[in-house]
Amino acid sequence: MSKTVGIVAEYNPFHKGHKFQIDSLLTMGFDKVAIAMSGSCVQRGEIALLDKFCRARYALDCGASLVCEIPFPYSSFSAEGFAKSGVHILKNLGVDAISFGSESADLGLLCQIAEFLLCDEYENLLKNYLADGISFAQAREKAILSKFSLNREVISASNDILALEYIKECKRIGWDVGFVPVKRKGAAYNDLSEKDGFASASGIRQRVADYRFEQACEFVPENIKQHFTARLEQGDYFIPDSVFEKTVLYNLKKLKAEDFAKIPDCNTELCHAFENAASVSKNMEQLFENLPTKQYTKARLKRIMLFALLGADDSLPALPPFVRILAMDKKGEEIIKNASETSSLPISHSYRILQDKNDDCRKVTEKESLATDIQSMFFKFPADSRSDYRTKLYKK
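Draft legend 1. Representation of the overall build of the protein. Counting its regular elements, the protein contains 20 helices and 12 strands. Taking 396 residues into account, the globule formula puts the C-alpha radius of gyration at 21 Å, and the protein, at 20 Å, falls close to it. When its C-alpha atoms are laid out on the principal axes, the protein stretches across 55 × 50 × 45 Å. Out of the 396 residues in the protein, the part that is buried amounts to 55%. Surface summary for the protein: the accessible area is close to 17300 Å², and the carbon and sulfur share equals 48%. The average position of the 53 basic charges and that of the 54 acidic charges among the side chains of the protein differ by 2 Å.

Rendered as structure tokens:
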């Protein structure tokens, strides 16, 4: 019996480590790999380096069977919200297992911690630590370490943080799905250097920002290197420059505390903090200096800025209301055929079709399409708008 494994990913950009994961899963005996991939924006409150159609193509060319979109704003939620959205899409695709990169690759321990994160004991500990004025991430870490004797790197490493959230969400919704950790190879998530021939996505983006295109291309799979190089040389990529940062700051200066209150993940303290900080700051560096960065991570603050720029508010549905196909091969078509009979969500590659399904679909297609247009507009050399409605489905 054929089996399908799912991956929640950003591919920002797709690199050798990502191909290693897909290759490993195919070697294990899975014959189909379905990806739920971030659209034009990513989880740390940033716009992706390359457009989603290009990134989906690379995944397909490197062994994936199907790539579907995690649209904005879900692609830029916290680790918990991002994981919920990715799991939601993979469940509707009917995958048999979920795979994730992992620094520890200790599935037994990850499952134990995920169970703990769902219990009242954890919630009480978390509240007590948050009362001390530390960030959510720090409070979460302290609560886990008070229960488990382990190296803090297990719960602070980026891949394992997301792995815990995937497992936790599956357990929360009662989805009996398999888990397949793949040991991360090479440089760590935020490490800008290279290790054993692998570089992190962060390291590749930094090389692109520094115009070291040849070095950046060393860390992408050989079969996509030519296309990746061409995209960089043509200026079809996004790196936040001073113009973009001024645009973000200008938008923040227009908003009042009551406007920030409608933005996801922006509590009362942050509403007033953003209004005050934006009003007195002349650039992004100064803005961060004026925000409460001891209590809140930079990633959370950046997410709020991105939500404000793109108009994400509490009127949007809690989870993605559709499954949008970005790329697929013959095996991917089989996944979609089976999913169309069981999925609770509409499935299509076309935003024109999806936007007419219901009001929630219309709202989310509008937000993701706007995010795509903003990305295109701020490419090194601006690209045409409306690519969500003009780009053809990539098929193999």
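On we go from here.
Draft legend 2. Summary view of helix α11 (residues 222-233). Across its 12 residues, α11 extends 17 Å between first and last C-alpha, which sits within 8% of the 16 Å expected from 1.5 Å per residue. Where α11 is buried, its residues touch α2 (52-61), α9 (201-209) and α10 (213-217). A positive backbone phi angle near 75 degrees is found at G235, which sits one or two residues after α11.

Draft legend 3. Looking closely at the packing of aromatic side chains. Tallied over the entire structure, the rule returns 15 aromatic pairs. Both rings, one in Y351 and one in Y389, keep their centres 6.0 Å apart while their planes meet at 70 degrees; by these two values the pair is edge-to-face. Of this pair, Y351 sits in helix α18 (residues 351-354) while Y389 sits in helix α20 (residues 387-390), and the two are 38 residues apart along the sequence. Assigned by exposure class, Y351 and Y389 land together as buried. Three or more aromatic residues joined by ring pairs form one cluster here, namely F72, Y74, F77 and F307. A cation over a ring is seen here: K298 above F288, with NZ or CZ 4.7 Å from the ring centre. Note that R324 overlies the ring of Y351, its terminal NZ or CZ placed 4.0 Å from the centroid.

Draft legend 4. Here's a closer look at unusual backbone geometry. In the segment running from N12 into P13, the intervening peptide bond is cis, with an omega of 0 degrees. Tracing the backbone through its elements, the reader meets P13 in the loop between β1 (4-9) and α1 (16-28). With an omega of 10 degrees, the peptide bond between F72 and P73 qualifies as cis. Assignment of secondary structure puts P73 in the loop between β5 (66-70) and α3 (79-93). If you check the backbone angles, Y11 has positive phi at about 50 degrees while not being a glycine. Its place among the elements puts Y11 in the loop between β1 and α1. With relative accessibility at 2%, the residue Y11 sits in the buried group. Residues other than glycine seldom take positive phi values, yet A105 does so here, at roughly 60 degrees. Relative to the helices and strands, A105 resides in the loop between β6 (97-102) and α4 (107-117). The class for A105 is partly exposed, based on a relative accessible area of 31%.

Rules used in this analysis
Residues numbered from 1 in each chain as written. Predicted model: local features only at pLDDT ≥ 70, side-chain atom pairs only at ≥ 80, totals over all residues. Heavy atoms only, no water. Helix = DSSP H or I, 4+ residues; strand = E, 2+ residues; numbered from the N terminus. Rg over C-alpha atoms; globule rule 2.2 N^0.38 Å. Buried < 20%, exposed > 50% of the residue type's maximum accessible area, 1.4 Å probe, protein only. Areas by Shrake-Rupley, 256 points an atom, 1.4 Å probe, with all protein chains shown as cover. Lys, Arg positive; Asp, Glu negative; His and termini not counted. Charge placed at Lys NZ, Arg CZ, Asp CG, Glu CD. Expected span 1.5 Å × (residues − 1). Contact = heavy atoms within 4.5 Å. Phe/Tyr/Trp six-rings, centres within 6.5 Å; stacked < 30°, edge-to-face > 60°. Lys NZ or Arg CZ within 6 Å of the ring centre and 35° of its normal.

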